[in-house]
Amino acid sequence: MSTTTTLQKAGDPTGEPGSAKPSDGLKAGLKNRHLSMIAIGGVIGAGLFVGSGGGIAKAGPAILLSYLLVGAMVVFVMRMLGEMAAASPNSGSFSAYADRALGRWAGFSIGWLYWFFWVVVLAVEATAGAKILEGWVPAVPQWGWALIVMAVLTVTNLGSVASYGEFEFWFAGIKVVAIGAFVIVGMLAVFGVLPGSDNPGAGLAHLTDTGGFMPNGWGSVLTGVLMVVFSFMGSEIVTLAAGESEDPRRAVTKATNSVIWRIGVFYLGSIFIVLTLLPWNDKSIVDKGSYVAALDSIGIAHAGQIMNVIVLTAVLSCLNSGLYTASRMAFSLGERGDAPKAFAKVSKRGVPVTAILGSVVFGFAAVYFNYTSPDTVFSFLLNSSGAIALFVWLVICLTQLRMRGILMREAPEKVTVKMWLFPYLTWATAAMITFVLGYMVYDKDNRETVLLSLLVAAVVVVIGVLRTALRRKDAVEAVADASVDA
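Along each chain, residues carry numbers from 1 onward, in the same order as the chain's sequence is written. Under the rules for a predicted model, residues below a pLDDT of 70 receive no local features and side-chain atom pairs below 80 are neither given nor counted, while totals for whole chains, interfaces and linings still include all residues. Side-chain measures were taken over the full set of non-hydrogen atoms in the model, leaving aside hydrogen atoms and water.

Participant: Can you help me understand the environment of Val 238 in this one?
Facilitator: Secondary structure is summarised from DSSP: a helix means a run of H or I of at least four residues, a strand means a run of E of at least two, and numbering begins at the N terminus for each. Examined against the element boundaries, Val 238 turns out to sit in helix α10 (residues 237–241). Classification of residues uses two cut-offs on accessible area relative to the type maximum, computed with a 1.4 Å probe and protein chains only: under 20% is buried, over 50% is exposed, and between them is partly exposed. Overall, Val 238 belongs to the buried group, its relative accessible area being 2%. Each C-alpha atom of the pair Val 238 and Gly 82 lies 9.6 Å from the other, and the pair is 156 residues apart in sequence. Residue contacts for Val 238: discarding those within four places in its chain leaves Leu 35, Ile 38, Ala 39, Met 78 and Ala 255. Contacts are residue-level and defined by heavy atoms, with any inter-residue pair within 4.5 Å sufficient.

Participant: Help me understand the pattern of salt bridges, please; the structure alone is not making it clear to me.
Facilitator: For side chains of opposite charge, pairing can occur when their charged atoms come near one another. For this analysis, a salt bridge means a side-chain nitrogen from Lys or Arg found within 4 Å of a carboxyl oxygen belonging to Asp or Glu. Enumeration over the complete set of coordinates arrives at 10 salt bridges. Arg 404 is the salt-bridge partner of Glu 83, the closest N and O atoms lying 2.8 Å from each other. With Glu 83 in helix α4 (residues 63–87) and Arg 404 in helix α17 (residues 388–410), this pair connects stretches of sequence that are 321 residues apart. Like Arg 404, Glu 83 is buried. Between Arg 336 and Asp 99 there is a salt bridge; the shortest N-O distance is 3.1 Å. Of this pair, Arg 336 sits in the loop between α14 (303–335) and α15 (353–372) while Asp 99 sits in helix α5 (residues 93–101), and the two are 237 residues apart along the sequence. The exposure classification of Arg 336 matches that of Asp 99, with both residues buried. A single network of salt bridges, built from pairs that share partners, joins Asp 99, Arg 104, Arg 336, Asp 338, Arg 467 and Arg 471.

Participant: Would you take a moment to explain the packing of aromatic side chains for this structure?
Facilitator: Each pair of aromatic rings taken from Phe, Tyr and Trp, with Trp reduced to its six-membered ring, is defined by centres within 6.5 Å and is described as stacked if the planes are under 30 degrees apart, edge-to-face if over 60, and tilted in the remaining cases. One pass over the structure, following the stated rule, counts 18 aromatic pairs. Their ring planes at 90 degrees and their centres at 5.2 Å tell us that Phe 169 and Trp 170 sit as a pair that is edge-to-face. Classification of Phe 169 as buried rests on a relative accessible area of 17%. Taking the relative accessible area as the measure of exposure, Trp 170 reaches 53% and is therefore exposed. Where Tyr 368 meets Phe 369, the ring centres are 5.6 Å apart and the plane angle is 65 degrees; that geometry is what we call edge-to-face. Tyr 368 gets classed as exposed once you look at its relative accessible area, which sits at 52%. By way of ring pairs, the aromatic residues Phe 94, Tyr 114, Phe 117 and Trp 118 are connected into one cluster.

Participant: What exactly am I supposed to notice about α5 here?
Facilitator: Of all 9 residues making up α5, 9 are buried, and the element is well covered by its neighbours. Those residues of α5 that are buried lie in contact with α4, α6 (104–136), α10, α14 and α17. Directly after α5, the chain includes Gly 103, whose backbone phi takes a positive value near 130 degrees.

Participant: What am I meant to see in the environment of Arg 249 here?
Facilitator: Within the fold, Arg 249 resides in helix α11 (residues 248–277). Between N or O atoms, a polar contact is any pair within 3.5 Å; within protein, one atom must be a potential hydrogen donor and the other a potential acceptor, and residues adjacent in sequence are included only when both atoms are from side chains. Side-chain polar atoms of Arg 249 contact the backbone oxygen of Ala 86, separated by 2.9 Å. A polar contact is formed between the side chain of Arg 249 and the backbone oxygen of Ala 87, at a distance of 3.1 Å.

Participant: What am I meant to see in the side chain of Thr 127 here?
Facilitator: The residue Thr 127 is located in helix α6 in this model. Accessibility expressed as a relative area gives 7% for Thr 127, which makes it buried. A polar contact of 2.8 Å, which involves the side chain of Thr 127, links it to the side chain of Asn 370. In contact with Thr 127, not counting residues within four places along its chain, are Gln 142, Asn 370 and Tyr 371.

Participant: What am I meant to see in the packing of α15 against helix α16 (residues 377–385) here?
Facilitator: Between α15 and α16, whose axes approach to 7 Å, the crossing angle comes to 125 degrees. The angle between α15 and α16 falls in the class oblique. Of the residues in α16, those touching α15 at Phe 362, Ala 366, Phe 369 and Asn 370 are Val 377, Phe 378 and Leu 381. Only Asp, Glu, Lys and Arg are considered charged in this grouping, and only Ala, Val, Leu, Ile, Met, Phe, Trp, Tyr, Cys and Pro are considered nonpolar; every other residue, Gly among them, is considered polar. Looking at the contact of α15 with α16 residue by residue, the class counts come to 6 nonpolar, 1 polar and no charged. To obtain each axis, a line is fitted to C-alpha atoms, and for helices this fit is confined to the stretch in contact; angles are then taken between N-to-C directions over 0 to 180 degrees. An angle counts as roughly parallel when it lies under 35 degrees, as roughly antiparallel when it exceeds 145, as roughly perpendicular when it falls between 65 and 115, and as oblique in every other case.

Participant: Which parts of the structure should I look at to understand α4?
Facilitator: Working note: α-helix, 3.6 residues per turn, so residues spaced by three or four point in the same direction. If you check α4, its first and last C-alpha atoms are 36 Å apart, about what 25 residues at 1.5 Å a residue would give, namely 36 Å. Counting buried positions along α4 gives 20 out of 25 residues, so the element sits mostly inside the fold. To estimate the expected span of a helix, count its residues, drop one, and scale the result by 1.5 Å.

Participant: Sorry, what's going on with unusual backbone geometry here?
Facilitator: With glycine set apart, most residues show a phi of negative sign, and most peptide bonds adopt trans. A cis geometry characterises the amide bond from Phe 422 onward to Pro 423, with omega recorded as 0 degrees. Residue position: Pro 423 is located in the loop between α17 and α18 (424–442). Positive phi, normally seen in glycine, also occurs at Ser 93, with a value near 45 degrees. Along the polypeptide, Ser 93 turns up in helix α5. Note on Ser 93: relative accessible area 0%, which makes it buried. Backbone geometry at His 302 places phi at a positive 55 degrees, although glycine is not the residue there.

See below:
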C-alpha cells in the first residue's frame, strides 16, 4: 500500500470523517509487529519497576486495588480513544479529535500540554538511565551519559520511523519477556514448586497475615492511586503511531482490545507476585525495590544487576517513545497551524526533522536544568507537567462524548470499535479522573504538582482561546472584504 493511500484512508478528524486527505508526507514505515510491541510495551514504564515499592509501603496488599482502579480507568480511556482512532487514525490522535469535537482551542491546548509533558519526561528518563550507566562506567560523568543516550536516540528517530519502530520493538520485547519471566518464576515460587527456591515463607498468606489486606485503611488505596497513576502514561502512544503503520485501523483495534490482559498481566500480575513472596512491610521492598527484593527472596543471583539492565531498557524505551511522541504531536500541531509551519515539514524519508530537533532541544535544556537548577527550574518543570496525564485522559473522555455523535452521523461504518455502555461509562470515567485530581489537591504531597499543572494548563488554554477568537475575527473580515470586492 502506498503512503498516500494509507494516509487518505486514515482520514482527517478535523474535517469530514469520510473525506480523503492529501498525503502529509509521513511514511507508513511501521510494520504490524512494531505496532503490536509498541502497544504491549507502552503500558510498561520504568515507573512500574522503580515506583511500585513506595506504593506497597503506603497501602500494603491493598495496592492491588489501587492498580485495579487505575487500570480500569486506563482501559476505559483507551477504549474511547480506540473508538476515535480506529475510525480516523491520525498522528495528532486525541489532540486532532479534540480540535474537531471541542474546538480549535481544545486541540491546541491539549496538544501543547502533551508535548510539554513528554519533553520533560525526556530529561527525567535520560537522567535515570545516566545514573545506571554511571554506576557501570564511572569514568563518564552522569551528565555525559544523559547527553549520550539523548543523542543516540535522536539520531535513531531522525533516521526513519522504521528505525524508531525497530528499536522500540526490541526495547519493548525485553520488558515483556522480563515481566513474563518474573510472573512465571514468581508463581512457581509462591506455590513451592520452583527448584532451588529458598523462600519458605512465600504464599498467599502474605496478602493478609500482616495487618490484614488493607492495613492502612481505604485512604491508603486512594494514596496508592496517586502513586501509581503516572506509571500508566504511554498506553495511548500506539494511536499516534498508527498513522504511520501499514494497517492503522487493524493496529488500533488490536491494541484497544488487548489492553485489558496487558494491564492484568504486567501490572496486577507482577505486583501480586511481589506481595505473595514477601510481607508487604518488608524493608527490602523500599530499600532495594520491589522486584529486586522479590527476586532476592527466592535466591535469584545478581538480582540487582539483572533489574538494572531491565530498568535501563525500560528507561531507553520510554525515552525513545517520548521523543517520537513529542515530535509527532509537534508535527500535527504544525500541520494544523498551531505550531511553526517548519514543524510540519518532513525529510525525503518522511521524518519531521524540525519537530524532532525542536523537541529534543527542549529536552536537552531540561537535562541541563536538572543538573544546574534541580530545586528551582527543573522542579517547576517536573511539577507543572505532573498532572497532565490526567488532563489528557479527561479531554479524551469529553472529546469522545461529542465525537460519537459526529461519527455516527457522517461515517457510521467506520465506528468499528465502540465504547461500552456509552455515554454512562464515559461520564463515570470522567468523574473518576476529576475525583483523582480533586484528591491530589487535598493530598499535601501532590498539591503542588496539580496546582502548578493547572496553572500551566490555564495559561495554554487562554492562549488557545485567544488564538481561536483572532482566527475567527480574521475569517469574518476576509469574508466581508470578499463581499465588498464582489
